[in-house]
Amino acid sequence: MDVRFAILGPVEVSAGGRSLPVLAPRHRAFLAYFLLNAGVVLSVERLTDAMWGPTPPDTARAQVHAALTAMRRLLRAADAAHLVQTRPAGYVITPAAGQLDLEEFAMLVAAAESEPTTAVRMLRQALALWRGPAFAGVQAHFVESARARLEDRRLGAVERLAELELATGRHAELLDQLAAELTAHPLREKLAGQLMLALHRAGRQADALAVGRDYRRRLADEQGLDPGHGFLAVEETVLRGEPPAAARIRPVGAEPPAAARIRPAEAEPPAATAARPVAAFLPYDVADFAGRAVQVEELCEPSSQAVTISVIDGMAGIGKTALAVHAAHRLAERYPDGQLFIDLHAHTAGQRSLEAAEALEVLLRQLGVPTERIPASMTERAALWRAELAGRRVLLVLDNAADAAQIRPLLPGVSNSLVLITSRQRLTDLDGARSVSMDVLPLPDAVALFTGIVGERAPAEPEAVAEVLLLCGFLPLAVRIAATRLRHRPRWSVAHLAERLRDERRRLTELATSERGVAAAFTLSYRQLTVDQQRLFRLLGLHPGRDIEPHAAAALGDLPVERAEDLLEDLLDAHMLQQRAFGRYVFHDLLRRYAAQLAAEQEPPDLTHAAMTRLLGHQLTTASDAMDLLYPDSAHRRPRIERSVCPPVPLHDAPQALAWLDAERANLVLAADRDSAHTGLLATTLYRYLYDHAHHDDALTLYGKALHAARCREDPAGEGRALTDLGWVHQVQGSHDVAREYFERALAACRTAEDLRGQARALVGLGRVGTDEGDHERAKEADLRALELFRDIGDRFGEAVTLDYLGIVHERLGQHAQAADLHRQALELSRDIGSRGGEADALDNLGVACTRLGRHAEARDHHEQALELYRRFGYRRGEAKALNSLAEIAATMGDPGQAVRLHTAALDLAVELSNRSEERRAREAIARLPSMSETPARASYSGA
């Protein structure tokens, strides 16, 4: 079905033209935040912060998972559950093109730079998507600021539409709309000016002036400010009483030309000043400039400061100069005394960075100062520069700046001027400057840029275009080069270009022309780094993971952690790294490839091997420490890890350990390719974390690598461990045939290796498969053999687990009293050895036995205790089972409504975790229960 999402108004989901059932308010807030960040992977921590801010409730994590299941359940009705995906770093929603009103709005507004008639039509289509305030009816921490940002974008579109309509003489049609918007936003200067112009053109001069007076009064009363120059220009037009048809429409917010200003006779400037030539040195504004609407508006926003300074910073190729020049052209009319531009060459191939004195000489000449008047010293030149600018309104673009020291002598003194600065460095030492840090292009803007260059071939291959943009990392320079290459190769398809870019080894080579390239741009930034910064940048290219934290960087660089963190921050300020979460640093994809290429070219093999050995040792040591905090009961089962020479991350308690494992999980799995022995040790170390927390995809990947590594080492014990681990993942996913095969092969390998514990683990797995398939006698035999082996080797953890499984077998055989006794033995032993997971499992299974014995209240108490433990320690694998059991008790005790709700929560969780047996159990139970359509509330169980 055709699914559409709407957040520009009430949050709604429709399929096939029909609205889907409304989510609960909190779940609707989660959906709104996902859609606001469509295509972005959101961690549980980020979702928690978005919903509740700095003080989330204790149940925040559980509520996040409940919301995810509710969203999936809603989308499943439209066969669109695949749009919400689980990723190693969190969760993401990926609506297709045309499915989300916000993206459609953004694309229409971005495309409205065409000829006026088409632009008007597109803007009206964009504004028609709004059905009220964004996220209407939603309450969450993120809503107020996000709603304000979106409302600002909507008003920007309204003002652009009004500008076009005024320019074509359609002032009468605008009056009602502008009046309504100004009533809702009385301090919006541009709206006030546009309404005044529309009224003036309609012959209503008195009404226009009344609007102006009201705006002035409100601005003074509420903010203590006077109107900006753009508003004053409009007011002057009305006051002059020009015939309406003759009134020239300037973009509101622009300064009128000097000749159009009204001055008292005594204030007329001297003749010498009036005769000054206007300096106009801006480079051309590229015709295919795309996106950056928010940044352009931010740069064009009026300021009350005498000198407005805006710094545009970002990585190489991000489009800083293009943005500065585009904004400068938009602002030019506000600065009629000159528009100056200078390239300071901080990152220009083959040229050294300009000294401040050299830059001042160029700028003074642009102002028309004769060479003989320009003094020799930098101090005198700076003084003359400030004197020349005094009393002038000048726009100054300082492009490609190195640092704040280069910029300070170039800043105007007492002058109503604007300075736009671009730099690859964050100029944090430039006091009083506004910062505009640029990121890569969002998908709609990247598509617009690519299509604007390529032409009609792009819309014919939308999927290939999306892949090319992804391979370019949405970096404007890369997108522009790729599009230009395609435009000049008429026989190439977009798909062919994508195929060429897929080869990581050649990608940077492909993204180059005879005059420019992505790698060349990166090289200029790299050369500005210190020797220590360059070395760490190269070594970071060896890191196999997706992000890096200071301890891992310290291990790679063989550095103290404090020094590594300082260097990471330096690279962040130089835009050679990015930061998506506190304390974690990431590469842009193309910079990662560039760093890896530098490491391969400049680092000797023995040094890169040593760096990777330090990193893997650090990861394994910290993982082992984390598992000891989380699972002290099974420490004897994990390998003894040789302590790394690099200090591990200091972890003090179980929550810290779990947080580190969650943050590093993807990195650990990706690093497992680098060393055969390391892979086996890591897989064995992380087993219970991956199993208990239901990270099945990562588990299958890691255990598969461990199996391959063990076979390469001809290590039958390692092979048996990996086969058993793989078997347990397939068992919990309901693939019993596959699980049995793995367990049988594991048993054979462990017998070859004379590994008794490995044999016992494989036997327990075979017992569990037998139980699930109904072969209870065979299961009982396997479990008894396993129990004997565990007792022989003194493995009390294995003994507790096996006792619990034996209890399940007796329960299935109808021997409920014996089952209850075995579960109690498992419970006591688990508590004795401090196994919280074993305690939860035993409680849950004891509850099942009590239910069969007719002791329902006691059973419910056991299941509730188990569920609380599962949730407290994040053992998601057990939640669905406990929820299903509680649902069955609710049905037995005469509460079918509660039973349906609990089974539904169990079903959603089981589907998310690919737990086939609990999914089937929930579906069959719901089918047997009476319809509860009159009970709409569905939520995760939170206790009695």
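Residues numbered from 1 in each chain as written. Predicted model: local features only at pLDDT ≥ 70, side-chain atom pairs only at ≥ 80, totals over all residues. Heavy atoms only, no water.

A word on the nonpolar core
And step 1. In this structure, Phe450, Val468, Val518, Phe522, Phe537 and Leu540 are the most contacted members of the largest nonpolar core, which totals 91 residues.
And step 2. Per element, the largest residue contribution to this core is seven residues, and it comes from helix H20 (residues 476-487).
And step 3. In terms of nonpolar packing, the next biggest core, distinct from the first, is built from 85 residues, Leu35, Ile93, Leu127 and Ala146 among them. (Core = buried A, V, L, I, M, F, W, Y, C linked by side-chain atoms within 4.5 Å. Buried < 20%, exposed > 50% of the residue type's maximum accessible area, 1.4 Å probe, protein only. Helix = DSSP H or I, 4+ residues; strand = E, 2+ residues; numbered from the N terminus.)

Details of the pattern of salt bridges
Any two side chains of opposite charge can pair, given that their charged atoms come close.
And step 1. Enumeration over the complete set of coordinates arrives at 64 salt bridges.
And step 2. Where Glu510 meets Arg485, a salt bridge forms, and the shortest distance between an N and an O atom there is 2.5 Å. In this pair, Glu510 sits in helix H22 (residues 504-510) while Arg485 sits in helix H20, placing the two residues 25 residues apart along the sequence. Each member of the pair, Glu510 as well as Arg485, is classed as buried.
And step 3. In this structure, a network of salt bridges that share partners links the residues Arg485, Arg500, Arg506 and Glu510. (Salt bridge = Lys/Arg side-chain N within 4 Å of Asp/Glu carboxyl O.)

Let's talk about the pairing of strand S12 (residues 578-581)
And step 1. Direction of pairing for S12 relative to strand S13 (residues 584-586): antiparallel, over a ladder of three bridges. Opposite Gln578, over in S13, you have Val586 as the bridge partner.
And step 2. Counted along the chain from S12 to the antiparallel partner S13, the turn is two residues long, and its residue Gly583 has a positive phi close to 80°. (Pairing = 2+ DSSP bridges.)

Structural notes on the side chain of Thr308
And step 1. Within the element layout of this structure, Thr308 appears in strand S7 (residues 307-313).
And step 2. Judged by its relative accessible area of 6%, Thr308 falls in the buried class.
And step 3. In this structure, Thr308 is in contact with Ser303, Ser417, Leu418, Val419 and Arg434, ignoring residues within four places of it in sequence. (Contact = heavy atoms within 4.5 Å.)

Focus: the environment of Ala927
And step 1. Of note, Ala927 is situated in helix H42 (residues 916-928).
And step 2. We classify Ala927 as exposed; its relative accessible area is 67%.
And step 3. Along the sequence, Ala927 and Val900 sit 27 residues apart, while their C-alpha atoms lie 9.6 Å from each other.

Quick notes on the pairing of strand S4 (residues 84-87)
And step 1. Sheet topology places S4 next to strand S5 (residues 90-93); four bridges connect them, and they run antiparallel. The residue of S5 that forms the bridge with Val84 is Ile93.
And step 2. If you look at the hairpin formed by S4 and S5, you'll find two residues sitting between the two strands.

A look at the side chain of His347
And step 1. Within the element layout of this structure, His347 appears in the loop between strand S8 (338-343) and helix H14 (356-366).
And step 2. Those residues within four positions of His347 in sequence are excluded, and the remaining contacts are Asn400, Ala401, Arg424, Leu524, Ser525 and Gln528.

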